[in-house]
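Coordinate inspection notes
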Amino acid sequence: MAFELPSLSYDYNELEPHIDARTMEIHHSKHHNGYTTNLNNAITDTPLADLSIEEILDGLDLNNKAVRNNGGGFYNHCLFWEIMSPNGGGLPKGVLFDAIDNEFGSFENFKTEFSKAAATQFGSGWAWLCANKDGSVEVCSTANQDNPLMPGISCSGTPILGIDVWEHAYYLNYQNRRPDYINAFFNVINWEKVTSLYNDIT
Ligand code: MN3
């Protein structure tokens, strides 16, 4: 069964002023749509066509560039839209707050670490907060459309929060000021969703 571009649970303009409507529209309807189409084209009539996106990424042959780039792009953006909300921001609560506090010493330290991973990812890529089955969390970054589900890539856990630091994610509004975009992203993080993803894994 072919993968489908997910619709968003909010309008393109609802993350303003942090992420502008035009960026959201192009990002979702052009970029994510392109990854989705190209993923489907790459897996049609192959054994991968019967697998979930998680199964495809878990077992990925990194030399399969079409599936690596487009399967990663499909999955990464599906997560990205879900972990943002017009009512986002603030702090995580409960178990996830505790896990972050245990790992980083404070939420502020986590924010610094995550922002640094996002700001220092050279060129295009993503920064992640990942959860492990034992409840621990970790921060890492990946290049291009790679992600931590892929074998031998960066941290070993499952992504529960990710920020897209490709220029297409911020350039219209922020130009070269990636750190400003990263800072603004914290105002739209849907911690309820991130916590529910954490609870699914641990
Ligand atoms: Mn993107």
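The present account deals with the structure reproduced in this document. This one's a predicted model, so the numbers in the text were calculated from it and none came from an experiment. (Residues numbered from 1 in each chain as written. Predicted model: local features only at pLDDT ≥ 70, side-chain atom pairs only at ≥ 80, totals over all residues. Heavy atoms only, no water.)

**A short note on the state of the cysteines**
In this structure the tally under the stated criterion is 1 disulfide. Here Cys140 is linked by a disulfide to Cys155, with a sulfur-sulfur distance of 2.2 Å. On the S-S bond that ties Cys140 to Cys155, the torsion sits near -45°, and the link is left-handed. Of this pair, Cys140 sits in strand E2 (residues 137–143) while Cys155 sits in the loop between E2 and strand E3 (158–164), and the two are 15 residues apart along the sequence. (Disulfide = S-S within 2.5 Å. Helix = DSSP H or I, 4+ residues; strand = E, 2+ residues; numbered from the N terminus.)

**So, the pairing of E3**
By the criterion of burial, E3 is predominantly enclosed, with 6 of the 7 residues buried. Note that strand E1 (residues 125–131) and E3 share 6 bridges and pair antiparallel. Across the sheet, the residue bridging to Leu129 is Leu161, located in E3. (Buried < 20%, exposed > 50% of the residue type's maximum accessible area, 1.4 Å probe, protein only. Pairing = 2+ DSSP bridges.)

**Remarks on the pairing of E2**
Relative to E2, E1 is paired through 7 bridges, and the arrangement is antiparallel. Residue pairing in the sheet places Leu129 in a bridge with Val139 of E2. Counting the residues in the hairpin turn of E1 and E2 gives 5 residues, including Gly135, whose phi is positive at 95°.

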